[in-house]
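# Examining the three-dimensional arrangement
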Amino acid sequence: MDRKYQAVAEKIKKLVMDSDYRLGGKIPSIRDLALTYGVSITTITAALRLLESQGIIEARDRVGYFASSRVLGAVDRSREHEPVPTNLADNTFIRDLATLNQNHAVPLGSAIPANEYLPNRQIQKSLLRAARRTSETLSYWFPGTPAYLSAIARRMSNIGVNSRGSDIIATNGAQEAVMIALAALTNKGDTVAIASPSYPGILHALQILDLQVVEIPCFPHGPISLDTLEFATRNFEIKALCVSANCSNPTGYSLSDEDKQSLINICKKSDVAIIEDDVYGDIFHGKARPTPLKALDTDGNVIYCSSFSKTISPGLRAGWIHPGRYYQSIANQKYFFNLACPAITQIAVADFLDCGTYDLHLRKMRKVYQRNVNMLRNLVLRHFPEGTHCTVPDGGYVFWVTLPFAVDMEKIYEEALRHRIYFAPGSMFSVSKSAGRCLRVSGSNPVSTKVKDSIKYLADRIEESFHARSHDCQAH
Ligand SMILES: Cc1ncc(COP(=O)(O)O)c(C=O)c1O
């Protein structure tokens, strides 16, 4: 009879051979594998040694295990690495995020922070103080109110991007920042590279601007594959890359500083502008604030976009853009698009930031989100089918779940909504629909009994869908 580690080795072998791990990239850590398969670290270590002896995986000193070069050689890498520009107009899977509030659904997939996680009292005070300053609040303020722009410049300087207020433009959230950056850099039909899976708002922006998209896959433990990015920049005329290098949505992964530098170099070589979306950077889970790409940018090619939607309030629509060397064309886009952002919210946010409680709030929220994510990950790994993989986010509150087999995710999504459970199916996050076995789960809300029950509910629907499919296959 098989020893336990041999059975586990078989499962890991299947994971490596049947998924993107065979294209390179580090396979999950020993701890992650132990959690996934519900066995001890010793069993996983024995299983990995067995696979190493069989030439399936190889160890790299102090980094971890990778698919072996023999396995890599066995796949047609050139084909797998060849992304193709796609027209988004054909994509029927871009969903309207408004479904989230449908029927007051349990927000299991929502990337919107719970109201109780926002600094309600302090922001209310700042809004009231701002409302009294009608001499300022009732005017147009382009590119932003002076106090807001200076407060942002100070925060940017604190995270390694030495800035002045005159470098910044206020925007209606990060979504508008990305949108005006894309509008300034591209013309209809141009090609833009994005990470895959990617935040759906990017897909919406590309669709509205009628752009072609090249999807660059995310690889284990990283939000974007640099190999494929390099391939794409060499083979297509790419105008811009949209990327979240820190705590990306939906995987939660960040790039290391070394990889951030390589990404900047790859884009520089092919003259590809970088649109960096850093909305989750402030709610990292590690010890220090991850470096933005913009902090490593020496020639103004990185356009930095962010907002306070994940930290202070999504409804205030307080965002900004640091456009680097594209300042003038991006400023024009903003001005022609909607002249300016509401002054009252900028004045209130600047007031709130000046009070000095923001960092305190962030420290508290980082712990809360990390705890929520850990609880949800454990629940998913406990209730979902064996072999389910969950990313371990470097920050933010979302993580990406990959099932070991295909199910009818669209059907499960519709059924769950009818039961007032909202989760985010993988197809929302890519054009190529390659993420049909995936979903995004979010810890942006307290892990209530309803949330816990909804995980069990989804696990049951997944099992049912799997059995229905196997049954269909046998019947044919
Ligand atoms: C990665 C990412 N970028 C941008 C946004 C939108 O941010 P905002 O509300 O500031 O427009 C979101 C919201 O979910 C997001 O997850």
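Before any of the text, the structure's been laid out above.
An account of the accompanying structure is given in this report. (Residues numbered from 1 in each chain as written. Predicted model: local features only at pLDDT ≥ 70, side-chain atom pairs only at ≥ 80, totals over all residues.)

### Structural notes on the site of the ligand
Put simply, the rule reads: Each residue receives a C-beta atom placed from its backbone. It is near a molecule or strand if this atom lies within 6 Å of it. Every helix listed is a DSSP run of H or I at least four residues long, and every strand listed is a run of E at least two residues long, numbered separately from the N terminus. Note that Gly is not counted as nonpolar here; it falls among the polar residues with everything else outside the nonpolar set of Ala, Val, Leu, Ile, Met, Phe, Trp, Tyr, Cys and Pro and the charged set of Asp, Glu, Lys and Arg.
Around the ligand sit 14 residues in total, of which Gly173, Ala174, Gln175, Ser307 and Ser309 are the nearest. At three residues, the largest contribution of residues to the shell around the ligand is made by helix 9 (residues 173-185). A breakdown of the residues in the shell around the ligand according to their chemical character gives five nonpolar, eight polar and one charged.

### Regarding the packing of helix 2 (residues 30-37) against helix 3 (residues 41-53)
Formally: To obtain each axis, a line is fitted to C-alpha atoms, and for helices this fit is confined to the stretch in contact; angles are then taken between N-to-C directions over 0 to 180 degrees. Note on terminology: angles under 35 degrees are roughly parallel, angles over 145 are roughly antiparallel, angles of 65 to 115 are roughly perpendicular, and the others are oblique. Any two residues are considered in contact once their C-beta atoms, placed from the backbone, lie within 7 Å.
Contact geometry for helix 2 and helix 3: axes closest at 9 Å, N-to-C directions at 110°. Taken together, the axes of helix 2 and helix 3 are roughly perpendicular relative to one another. For the pair helix 2 and helix 3, contact is made by Ile30, Arg31, Leu33 and Ala34 and by Ile41, Ile44 and Thr45, respectively. For the contact of helix 2 with helix 3, the per-class residue count stands at five nonpolar, one polar and one charged.

### Points about the pairing of strand 11 (residues 318-322)
Just so we agree on the cut-off: For every residue, the other C-beta atoms within 10 Å of its own C-beta are counted; 20 or more classify it as buried, 12 or fewer as exposed, and values in between as partly exposed. C-beta atoms are placed from the backbone. Only when DSSP finds a minimum of two bridges between them are two strands counted as paired.
With five of its five residues buried, strand 11 lies for the most part within the structure. Burial along strand 11 is two-sided: the face carrying Ala318, Trp320 and His322 and the face carrying Gly319 and Ile321 are both buried. In this sheet, strand 11 lies alongside strand 10 (residues 302-307) in antiparallel orientation, the contact comprising four bridges. Across the sheet, Ser307 pairs through a bridge with Gly319, a residue of strand 11.

### Remarks on unusual backbone geometry
Residue Pro197 is bonded to the preceding Ser196 through a cis peptide linkage, with omega at 5°. Residue Pro250 is reached from Asn249 by a cis peptide bond, and omega for that bond is 15°. Among the structural elements, Pro250 can be located in the loop between strand 8 (238-243) and helix 12 (257-269). Backbone geometry places Arg317, a non-glycine residue, at a positive phi of 55°.

### Some points on the pairing of strand 6 (residues 191-196)
Inclusion rule: A right-handed crossover is one whose linking path, passing over the helix from the first strand to the second, runs clockwise when the strands point away from the viewer.
Most of strand 6 sits out of view: five of its six residues are buried. As paired elements, strand 6 and strand 7 (residues 212-217) share six bridges and run parallel to each other. Along strand 7, the bridge assignment pairs Val192 with Val213. Taking the sense of rotation as the criterion, the β-α-β connection linking strand 6, helix 10 (residues 200-208) and strand 7 turns out right-handed.

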